[in-house]
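Observations on the three-dimensional arrangement
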Amino acid sequence: RSKRMGNDWVHLGDGSVTFRERGFVAADGPAMLLARHNFELRTIAGELDGIKVAHSLEVGCGFGRLSQSIAEHSDSHTAIDINRDALELARATYSGVNFAFGSADAVPVPTGSIGLLVSWTVLQHIRPERIEATCAELLRILAPSATVLLCEEIAWPEAGGGHTWHRTVEDYERLLAPLKLIRHSAIIELEAVPGMETPG
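Residues numbered from 1 in each chain as written. Predicted model: local features only at pLDDT ≥ 70, side-chain atom pairs only at ≥ 80, totals over all residues. Heavy atoms only, no water.

Bringing the overall build of the protein into the picture now. When helices and strands are tallied, the protein shows six helices and seven strands. From first element to last, N terminus to C terminus, the protein shows the α and β order β-β-α-β-α-β-α-β-β-α-β-α-α. A total of 200 residues make up the protein; the buried ones form 46% of that total. Carbon and sulfur atoms provide 55% of the accessible area of the protein, an area that totals close to 10300 Å². (Helix = DSSP H or I, 4+ residues; strand = E, 2+ residues; numbered from the N terminus. Buried < 20%, exposed > 50% of the residue type's maximum accessible area, 1.4 Å probe, protein only. Areas by Shrake-Rupley, 256 points an atom, 1.4 Å probe, with all protein chains shown as cover.)

Take a look at the structure:
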């Protein structure tokens, strides 16, 4: 839809938003795509430093580009997505991760079983009428003292529509109560690269 590398967004009949393969994250070319990916991996490693749990879950894993980095923080990592083509490629590309079909509002894991939950630019694609039920489902699966790492767009909450709906930090605090927010910030390194911005 543009000259930028990135996704063709697809709206499914049930209201979900997914993508077709043409790259994964938006960037002007391979060098910027790799820069974005590397700064995201460094952010994940820094935020999860010292965390090791029995079971982790990644919601909306896509092609699995972040899955192995997240999996390092648990004994057993499950990565789910609603895009079956992406899951097939992820399974063929990355070992040691359980890639499974599933959506954020119907997670195929037992109640209270997840010690680490990661949503990396996924909740921003959940339509307003579905976000409360989705967050309730994510809260259902969390073990006591679980860690949740979110990277979601919050810059323009008044815009919305299309394939993303920006929400404020306060919106996520309300939606995920009784969880307590420890910290939030942009990915500063990406903000410093000309023509790029933080993904959340």
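Among the seven residues in strand S3 (residues 53–59), five count as buried, and that is most of the element. As judged from the six bridges shared by S3 and strand S4 (residues 74–81), these two strands associate in the parallel manner. Its bridge partner being in S4, Glu58 is matched across the sheet by Ala79. In this sheet, strand S6 (residues 114–120) lies alongside S3 in parallel orientation, the contact comprising four bridges. Its bridge partner being in S6, Leu57 is matched across the sheet by Leu117. (Pairing = 2+ DSSP bridges.)

Between its terminal C-alpha atoms helix H1 (residues 30–47) stretches 26 Å, which fits the 26 Å expected from 18 residues at 1.5 Å a residue. Along H1, the positions that sit buried rather than exposed are Leu33, Ala35, Arg36, His37, Glu40 and Ile44. Considering only its buried residues, H1 is in contact with helix H2 (67–71), S6, strand S7 (142–151) and helix H6 (188–191). (Expected span 1.5 Å × (residues − 1). Contact = heavy atoms within 4.5 Å.)

A separate point is the environment of His166. Relative to the helices and strands, His166 is located in the loop between S7 and helix H5 (169–175). Excluding residues within four positions of it along the chain, His166 makes contact with Glu153, Ile154, Ala155, Trp156 and Pro157. Only 2.5 Å separates the side chain of His166 from the side chain of Glu153, close enough to count as a polar contact. Only 3.4 Å separates the side chain of His166 from the backbone nitrogen of Ala155, close enough to count as a polar contact. (Polar contact = N/O pair within 3.5 Å; in protein donor to acceptor, adjacent residues only side chain to side chain.)

What follows is about the sheet that holds strand S5 (residues 98–101). With respect to topology, five strands assemble into an open sheet ordered S5-S4-S3-S6-S7, the strand pairing being parallel. Edge positions in the sheet fall to S5 and S7, since each has one partner strand and no second. On average, adjacent strands in this sheet sit at an angle of 20° to one another, irrespective of strand direction. In this structure, S6 lies alongside S7, joined through six bridges in parallel fashion. Paired with Ile114 across the bridge in S7 is Leu142. Sitting on the sheet, helix H3 (residues 84–93) touches S4 and S5, and the angle it makes with S5 is about 165°. (Axes fitted to C-alpha atoms, helices over the stretch in contact; angles between N-to-C directions.)

Attention shifts here to unusual backbone geometry. That bond from Ala177 to Pro178 is cis: its omega, 15°, falls within 30 degrees of zero. Looking at the secondary structure, you find Pro178 in the loop between H5 and H6. A positive phi angle, near 55°, is found at Thr121, a position not held by glycine. Counting through the fold element by element, Thr121 comes out in the loop between S6 and helix H4 (128–141). One non-glycine residue, Ser145, adopts positive backbone phi at about 65°. Looking at the secondary structure, you find Ser145 in strand S7.

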